Amino acid sequence: MQKNMKRIISFVFLMAVLAGFCTGCDFIRASLGKPTSKDLVKISDELKAREQYLRDSVAAVRAAQAAAAGEAVQTPAAQPAAQPAAQPTAKPAEQPAAPAKPAAQPAAQATEQPLKTYYAVAGAFKNPEGVKKYVSLLQEHGLSVHLFDFKSGLTVVCLEGHDVFGEAQNDVVRLKELKLSDSDPWIYNTNQKLHK
């Protein structure tokens, strides 16, 4: 009787160990209250996104300070930038829908208008479809758009330009209030010659 009981206990113990190995580390980690591999990947992605956000913010502040001082510096748009997540927002009922404009029209405006010194940058894209969607979103909110093709290969979506730095700062504040993107707006000084 005692031998049978030892065999049963040994068998149960062996099955428990095998079950632990079959279900993998995530089962053990979860049972111990530790993050699983999916949780670790998510945490890593969040940390990377936060670091990029901080780098972009610091670069935008440096660019704004340099622009105020009249210096040319490396700006965030010259670096590979993450595409802003343009989230469509509900339009108020009393606001009439703006007619859809093709993406080529804002580009034509960029060549027809005289070049100003300061532009509030709303976003930078490599994908032309992203540019088109974001331009439409900005225009739906009544904003005039100006596009720059940067030497880095990015298409930079800006609001209308100004020759006074303070007016471009007002545009940056307006973009922040609208919250149309996850990235921070910044000011591009055309004297930096980052565009083609």
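Reading guide: rules and limits
Residues numbered from 1 in each chain as written. Predicted model: local features only at pLDDT ≥ 70, side-chain atom pairs only at ≥ 80, totals over all residues. Heavy atoms only, no water. Helix = DSSP H or I, 4+ residues; strand = E, 2+ residues; numbered from the N terminus. Buried < 20%, exposed > 50% of the residue type's maximum accessible area, 1.4 Å probe, protein only. Areas by Shrake-Rupley, 256 points an atom, 1.4 Å probe, with all protein chains shown as cover. Pairing = 2+ DSSP bridges. Axes fitted to C-alpha atoms, helices over the stretch in contact; angles between N-to-C directions. Contact = heavy atoms within 4.5 Å. Phe/Tyr/Trp six-rings, centres within 6.5 Å; stacked < 30°, edge-to-face > 60°. Expected span 1.5 Å × (residues − 1). Arc of directions from axis to C-beta. Salt bridge = Lys/Arg side-chain N within 4 Å of Asp/Glu carboxyl O.

Asks: Could you clarify how one ought to interpret the overall build of the protein in this entry?
Replies: Looking only at helices and strands, the protein has five helices and four strands in total. Beginning at the N terminus, the succession of helices and strands in the protein can be written as α-α-α-β-α-β-β-α-β. For the protein, with 196 residues in total, the buried portion stands at 31%. Accessible surface for the protein amounts to roughly 12800 Å². Of this, 58% is attributable to carbon and sulfur atoms.

Asks: Mind showing me how you'd approach the sheet that holds strand S2 (residues 145-149) here?
Replies: What links the strands of a sheet is backbone hydrogen bonding, and the strands pair in either a parallel or an antiparallel sense. Spatially, four strands are ordered S2-S3-S1-S4 in an open sheet, and the strand pairing comes out antiparallel. This sheet does not close on itself; its edge strands, each paired only once, are S2 and strand S4 (186-189). Pairs of neighbouring strands in the sheet enclose a mean axial angle of 45°, with direction left out of account.

Asks: What exactly am I supposed to notice about the pairing of strand S3 (residues 155-159) here?
Replies: In the case of a regular strand, side chains alternate between the two sheet surfaces. Along S3, five of the five residues are buried, which leaves the element largely enclosed by surrounding structure. Burial along S3 is two-sided: the residues Thr155, Val157 and Leu159 and Val156 and Cys158 are all buried. Looking at chain direction, strand S1 (residues 118-125) and S3 are connected through four bridges and run antiparallel. Its bridge partner being in S3, Gly123 is matched across the sheet by Val157. The turn joining S2 and S3, which pair antiparallel and follow one another in sequence, is formed by five residues; a positive phi near 100° is taken by Gly153.

Asks: What am I meant to see in the side chain of Thr117 here?
Replies: Checked against the element boundaries, Thr117 lands in the loop between helix H3 (104-112) and S1. Overall, Thr117 belongs to the buried group, its relative accessible area being 19%. With sequence-adjacent residues up to four places away left out, Thr117 is seen in contact with His162, Asp163, Tyr188, Asn189, Thr190 and Asn191.

Asks: What is the right way to look at the packing of aromatic side chains in this model?
Replies: Given two aromatic rings, their pairing is described by the distance between the two centres and the angle made by the two planes. Per the stated rule, a full pass over the model turns up six aromatic pairs. The interplanar angle of 80° and the centroid separation of 5.2 Å between the aromatic rings of Tyr118 and Phe165 together place this pair among those described as edge-to-face. Remark: Phe165 occurs in helix H5 (residues 165-178) and Tyr118 occurs in strand S1; sequence separation between them is 47 residues. Of the residues examined, Phe165 reaches a relative accessible area of 14% and is grouped as buried. Geometrically, the ring pair formed by Phe125 and Tyr134 is tilted, given 5.4 Å between the ring centres and 50° between the ring planes.

Asks: What is the right way to read H5 from this model?
Replies: For an α-helix, the turn length of 3.6 residues means that residues three or four places apart are oriented alike. Helix length check: H5 (14 residues) gives 20 Å between terminal C-alpha atoms against 20 Å at 1.5 Å per residue, within 8%. Buried within H5 we find Phe165, Ala168, Asp171, Val172 and Leu175. Projected down its long axis, H5 carries its buried residues within an arc of 115°, all on one side. Looking at H5, the residues exposed on the side facing more than 90 degrees away from the buried face are Asn170 and Glu177. Here the buried face of H5 lies against helix H2 (37-69), S1, helix H4 (128-140), S3 and S4.

Asks: Explanation requested: the pattern of salt bridges in the structure shown.
Replies: Opposite charge on two side chains allows them to pair when their charged atoms are near. With the rule as written, the count across this model stands at one salt bridge. Asp163 is the partner of Lys116 in a salt bridge, and the nearest nitrogen-oxygen pair spans 3.9 Å. Separated by 47 residues along the polypeptide, Lys116 in the loop between H3 and S1 and Asp163 in the loop between S3 and H5 bring together distant segments of the chain. Assessed through its relative accessible area of 49%, Asp163 is described here as partly exposed.

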